[in-house]
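Analysis of the macromolecular model
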Amino acid sequence: MQNTFISALKRMLRNTDDFFRNQQWKEMLIFLLFLLLSSVFWLLQNLQQDYEQRIEMPLRYKNVPPEWVLSEDNPQKVSILLKDKGTTLMYFLWETYFSPIDISVSNLSHTSGQTLHMNAQELETAISKQLISSPSIVSVEPHEITVKYDMLSSRLVPVVANVAVNAKPGFQVSGDIKISHPEVRLYGSSRVLDTLNNISTKLYTIENASGTREFTVGLDLPAGVKADQETVKLTVPIEEFTEKKIHLPVLCFDIPAGYVLRIFPSTVEVVCNVPLSLFKELNEEDMEIRLPFDEFEENRSTGKMPVRLTEKPSWVANAVIVPGEVEFIIEQLHND
């Protein structure tokens, strides 16, 4: 069976070889070669003639003043009829996407009301900048551009930094985050702006921080709202922290006349983390525990009062009060 297959294969190869050695096949091959060459020469010759080709190019509106919003029915593309030699137009025949034509809105001339105008000459100049060669522009549709816009309401709001800091062990944020533009002016519909009391930055995460970081981040703007500043620069102070202990008296304010408040213990210990550079700056005068008398009255039945810091520098972190609650007695004085 195997020998039969090999014999048949050899016979087929011999027949194929004989076919290509045949004089008629050689003549046919020469004919096809000359036909191919003549077709190429014919194509090259015809491509030297002028042809017309229609293409479409998108429009991109730039430099829009922040207090404007462009109408949705403004032209988004133009149809261009080009004329040039076939060799040049071959590119436009195969290209399916063209770079947008940039229209600088702030440079357009006003016509009437909230309408801008770009004449035919300006439009053709902008189109020519985007073409890879210099074909003749036969026609453009539309031949002029009319841009409509509406005025937006505005409001000045504070910027809130949205930053997540994952510092190295022993390091923490050592103060307030500085924002290059603490306030920005927002533009949008009054219905949306009335709901915004501030604007947040986009979330920025800092990993393995061991020193002050500066970076630029965008604003998290709602849909349909623009700002006079699209980005702000944030400075996040990060320092090495160390532990410090301070003893503070537990104070009370608004004690009514005729009452005496006795607190046990009257002094507590505050254990906190402070930046290494400010360790010597922190003292008892910078922190305070001063609670209202009403809170003592609310806890009179138990005679125990949770305590908390009522004043501390912003750079003090992880403050723990020992003990976390104190005992107290309220005495009412009697006039004889």
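Described in the following lines is the structure provided in the data block. (Residues numbered from 1 in each chain as written. Predicted model: local features only at pLDDT ≥ 70, side-chain atom pairs only at ≥ 80, totals over all residues. Heavy atoms only, no water.)

A word on the overall build of the protein
Helices and strands together make up the secondary structure of the protein, namely six helices and 25 strands. By the burial criterion, 29% of the 336 residues in the protein qualify as buried. By sequence separation, contacts in the protein at least 24 residues apart represent 74% of the contacts at least 6 residues apart. Of the roughly 21,600 Å² of accessible surface on the protein, a fraction of 51% belongs to carbon and sulfur atoms. (Helix = DSSP H or I, 4+ residues; strand = E, 2+ residues; numbered from the N terminus. Buried < 20%, exposed > 50% of the residue type's maximum accessible area, 1.4 Å probe, protein only. Contact = heavy atoms within 4.5 Å. Areas by Shrake-Rupley, 256 points an atom, 1.4 Å probe, with all protein chains shown as cover.)

A closer look at helix α4 (residues 120-130)
Those residues of α4 lying buried are Leu123, Ala126 and Ile127. Around the axis of α4, the buried residues are gathered within 100 degrees of arc, so they sit on the same side. Facing away from the buried side of α4 by over 90 degrees, the exposed positions are Gln121 and Lys129. The opening residue of α4, the one whose side-chain oxygen lies 3.2 Å from the backbone nitrogen of Gln121, is Asn119. (Arc of directions from axis to C-beta. Polar contact = N/O pair within 3.5 Å; in protein donor to acceptor, adjacent residues only side chain to side chain.)

A closer look at the sheet that holds strand β13 (residues 183-188)
The strand order across the open sheet built from four strands is β14-β9-β13-β17, with neighbouring strands paired in mixed fashion. One side of each edge strand has no neighbouring strand; the edge strands of this open sheet are β14 (199-200) and β17 (226-227). Of the pairings in the sheet, the one linking strand β9 (residues 153-160) to β14 comprises two bridges and is parallel in character. From the neighbouring strand, Val160 faces β14, where its bridge partner is Ser200. (Pairing = 2+ DSSP bridges.)

Here we look at the pairing of strand β18 (residues 231-236)
Every regular strand shows the same layout, with side chains that alternate between the two sheet faces. Bridge analysis of strand β12 (residues 178-179) against β18 gives two bridges, and the strand direction is antiparallel. Bridge assignment links Lys178 to a residue of β18, and that residue is Thr235. In this structure, strand β16 (residues 213-218) lies alongside β18, joined through six bridges in antiparallel fashion. Its bridge partner being in β18, Glu214 is matched across the sheet by Thr235.

Regarding the environment of Glu269
For Glu269, the position within the fold is in strand β21 (residues 267-275). Spatially, the C-alpha atoms of Glu269 and Pro249 are 8.9 Å apart, while their sequence positions differ by 20 residues. The residues contacting Glu269, other than those within four sequence positions of it, are Lys245, Ile246, His247, Val320, Ile321 and Val322.

Remember that the coordinates give geometry; whether it matters functionally is a separate question.
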